[in-house]
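Coordinates in review
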Amino acid sequence: MIGLISATAAGAAARDRLAAAWPERTRVYDGPVGDAVRRAFAECEQLVCFLATGAVVRLVAPLLSDKASDPGVVCVDEAGRFAVSLVGGHGGGANELAREVGESLGAQPVVTTATDAVGMPGLDTLGLPVEGDVAGVTRALLDGEPVALDAEVAWPLPPVPFAERGAHTVRVTDRAVEPGAHEVLLRPPSLVVGVGASRGAPAGEVLEVIEGALRDAGLSVDSLAELATVDAKAEEPGILAAASRLGVPLVTYSAEELAAVEVPNPSDAPLAAVGTPSVAEAAALVRGGELLVPKRKSERSDGRPAMATCAVVRRPGRGRLAVVGLGPGARDLLTPRATAELRRASVLVGLDQYVDQIRDLLRPGTRILESGLGAEEERARTAVAEARRGQAVALIGSGDAGVYAMASPALAEASDDIDVVGVPGVTAALAAAALLGAPLGHDHVSISLSDLHTPWEVIERRVRAAAEADIVVTFYNPRSRGRDWQLPKALAILAEHREPSTPVGVVRNASRPDGTCRVTTLAALDPATVDMMTVVTVGNTATRTIAGRMVTPRGYRWQEEAR
C-alpha cells in the first residue's frame, strides 16, 4: 500500500489525482502532517508526500532504521513539477515509484541513486538475496574499476560491466560461504528440496531434516527455491508449516509423474503408501538438475521411526529469451515493456539497423550480437543458444516481433528448456492505418508479397481469397528492384472485385521523420512509387475517403443507404 500525505490545498489536489488513478494501491492519510507521516510509515510499503523535501527529511529521519526494510519515500513539490526519490530508492522501490508518479501526474522524476543515474542496475536490485561489500563493489563498478564475476551457478543476470579479473568480485553461489573482503555474494534460487513425510509428521522434524541436509552439504538456505512433494501430501500440516517457515512455495506432483523419475534410492514403503517408489528424490528431480543430497531420513531422539525424508537438487538457471517488437521506428511508439526488456537483457541479438535504433537504451555491459539482412534464421539460432547458456537475451525485430519478424524462427528453434517472453509492438500496418485515418475499421488482413519464403502461387491464392471475401488488405513488402511485378498483379486481382474508385493508402516509413502518407485510388495508384519501406492498404467495397482520410465503417450500412 502507498500512503499519500499532503499539507496544502494544491498538494491535496495532486494527492487526490493520484488516489483516483491508483484506487487499489493508495491510502490517504489526513490529520496533522507529522502524525500522518508516522502512521503511513508504520503501515505502508511506500509513501508519497506532497511536501517540501526538507520537511519530509525532518519527519522521517527519526523513523528510519534499515534501508532493506524502510518504506520508499517520494516527495512531490507544491507545483507538481518534480517527483523526488528521497529514501529507499532500491530497497523501498522509491526510484521506480518516482517514475510512476511522474508519469501519472506529468511530473519530472528525480532519481539521484548513482547506479540509476548512469543506467547500471544496482547489485541489490537484481532480484537475488545479496550480502557482503555491496557499497564498496558498487563504488568500484561506478568508478570503472575491474570487478570480476565468479558464477559458480549460471544465472540470467541483467547487464553489469564485469571483467575477467579484478580486486573486487561478485560471486553467484548457493554455497554457505561468507563473503570475503571486497566481495559480494548473490544467492540464486537454485536449490529444490524434495520432501516426504508420514501422516502427522511434526513440522519441527520436517524442518530439522531439511536444514540439516543443507547445512551438512554446505548449502545456503537463502538459495532455496521451493519444497516439492507428491500430491497426496499437499495438505500435510508439517510440510506446509516447514515451507511457510522457510518462506518458499510448496510444489506438488502426481504419483504417476514421480514414478517415472529414475532415482538412486527407490523404496517399497512410499510405493505402497502413495503409489510411487520415491517421493523426496523424485520430487526434487522431476524437473531435472543435479542431485546434491540423496534421500536422508530425519532422526528422532525417542528412538521411534523417522517420519520425514528429504533430498536436495540443484537446478541450473533457466535462460530467458525475450522476443521484442520495436514498433515502426518512432521512439514514442516503442512500448515501456519493450524498453524494460531491452534494459534487462545481458545479450542483445538483432539486425544491425534495428540495433542502431535502440543502442542508447542499452545498459553498460550489454553484449551486442548484430548481423545484416538475410540472416534471420542465424539470429534466431544465436538468441536461443545464448538463452540455453543461462543468459537473459533480447531478440529484436521491427513492428511486432510476431508479425513477419523474429518470433516465428526463434520459437521454432526453442524448446522448453528456456523461458520465452513475447513483447508486443506496434506494427507497420497499425502505424500506417493511424496516419491514413481508419482503414481497418472492419475485417482486415495483412499479406506479404515477398516470395522469398512463400511461393507466389500461395500468395496469389491468399490475395484472391481476400478479394472475394471483401476484406481490407494491407500489403507488406510490396515491391523491390528485383521484384516489381507482384504488386501490379495483386492490385489487378483486387480490381476484379472492387471499383476503380476504391480508396488505397500508401504510407512509407510510417511514424519516422522522413515518412510520407497519401490516399489515392485503386485505378490511380502507380506501383512504381512503392518500395520495400512502404505498406499499401486497399479498402473494401465499403471504404470511403472522407475529408482526405480513409475510413472503413464497422458495418455495411453505407452500402445499404446507397442502394
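Residues numbered from 1 in each chain as written. Predicted model: local features only at pLDDT ≥ 70, side-chain atom pairs only at ≥ 80, totals over all residues. Heavy atoms only, no water.

Regarding the packing of aromatic side chains
- Applying the stated criterion across every chain yields a total of 2 aromatic pairs.
- With a centroid separation of 5.0 Å and 70° between ring planes, the pair formed by tryptophan 456 and tryptophan 485 is classed as edge-to-face. With tryptophan 456 in helix H17 (residues 456-468) and tryptophan 485 in the loop between strand S23 (472-476) and helix H18 (486-495), this residue pair connects regions lying 29 residues apart in the sequence.
- Here the guanidinium or amino end of arginine 25 rests over the ring plane of tryptophan 22, the centre of that ring lying 4.4 Å away. (Phe/Tyr/Trp six-rings, centres within 6.5 Å; stacked < 30°, edge-to-face > 60°. Helix = DSSP H or I, 4+ residues; strand = E, 2+ residues; numbered from the N terminus. Lys NZ or Arg CZ within 6 Å of the ring centre and 35° of its normal.)

Comments concerning the side chain of threonine 502
- Summarising the element assignment, threonine 502 is placed in the loop between H18 and strand S24 (503-508).
- What makes threonine 502 buried here is its relative accessible area of 5%.
- One polar contact links the side chain of threonine 502 to the main-chain carbonyl oxygen of glutamate 499, over a distance of 2.7 Å.
- What threonine 502 contacts, discounting residues up to four positions off in sequence, is Thr520, Thr521, Leu522, Val538, Gly539 and Asn540. (Buried < 20%, exposed > 50% of the residue type's maximum accessible area, 1.4 Å probe, protein only. Polar contact = N/O pair within 3.5 Å; in protein donor to acceptor, adjacent residues only side chain to side chain. Contact = heavy atoms within 4.5 Å.)

Observations concerning the environment of glycine 365
- Along the chain, glycine 365 turns up in the loop between helix H13 (352-358) and strand S18 (367-371).
- Classification of glycine 365 as partly exposed rests on a relative accessible area of 43%.
- Sequence separation of glycine 365 and cysteine 75 is 290 residues, and the distance between their C-alpha atoms is 32 Å.
- Those residues in contact with glycine 365 that lie beyond four places of it in its chain are Pro159, Val160, Pro161 and Ser346.

Points about the nonpolar core
- Val193, Ile210 and Leu227 are the most contacted members of the largest nonpolar core, which totals 24 residues.
- Mapped by element, the contributors of at least two residues to this core are strand S11 (191-197), helix H7 (203-216), strand S12 (224-230), helix H8 (237-246) and strand S15 (308-314).
- Sorting elements by how many residues they give to this core places H7 first, with 6 residues.
- Excluding residues within four positions of it along the chain, isoleucine 210 makes contact with Val193, Val195, Leu227, Ala242, Leu246 and Cys310.
- Membership of the second largest hydrophobic core comes to 21 residues, among which are Leu449, Ile459, Ala466 and Leu525. (Core = buried A, V, L, I, M, F, W, Y, C linked by side-chain atoms within 4.5 Å.)

Topic: the sheet that holds S18
- Here 5 strands make up an open sheet; going across it, the order is S18-S17-S19-S16-S20 and the pairing parallel. Of all the strands in the sheet, the pair left with one neighbour each is S18 and strand S20 (419-423). Strand-to-strand, the axes of this sheet are offset by a mean angle of 15°, without reference to chain direction.
- Pairing of strand S16 (residues 320-325) with strand S19 (residues 392-397), which is carried by 6 bridges, proceeds in the parallel orientation. Across the sheet, residue alanine 322 finds its bridge partner in S19, namely alanine 394.
- Sitting on the sheet, helix H12 (residues 336-344) touches S16, strand S17 (347-351), S19 and S20, and the angle it makes with S16 is about 140°. (Pairing = 2+ DSSP bridges. Axes fitted to C-alpha atoms, helices over the stretch in contact; angles between N-to-C directions.)

Overview of the side chain of arginine 15
- Residue position: arginine 15 is located in helix H1 (residues 9-21).
- According to the relative accessible area criterion, arginine 15 is buried, its value standing at 11%.
- Polar side-chain contacts of arginine 15 include one of 3.0 Å to the side chain of aspartate 16.
- In this structure, arginine 15 is in contact with Leu4, Ser6, Val28, Asp30 and Phe50, ignoring residues within four places of it in sequence.

A word on the pattern of salt bridges
- Applying the stated rule across the entire model yields 29 salt bridges.
- We note a salt bridge from arginine 27 to glutamate 43, for which the minimum N-O separation is 3.5 Å. Separated by 16 residues along the polypeptide, arginine 27 in strand S2 (residues 26-28) and glutamate 43 in helix H2 (residues 33-43) bring together distant segments of the chain.
- Relative accessible area serves as the criterion here: at 35%, arginine 27 is assigned to the partly exposed category.
- Notably, a salt bridge pairs arginine 320 with glutamate 341, separated by 2.7 Å at the nearest N-O pair. (Salt bridge = Lys/Arg side-chain N within 4 Å of Asp/Glu carboxyl O.)

Comments concerning the environment of glycine 425
- Inspection of the secondary structure puts glycine 425 in the loop between S20 and helix H16 (428-436).
- A C-alpha to C-alpha distance of 4.1 Å links glycine 425 and aspartate 400, two positions 25 residues apart in sequence.
- Excluding residues that lie within four positions of it along the chain, glycine 425 makes contacts with Gly325, Gly399 and Asp400.

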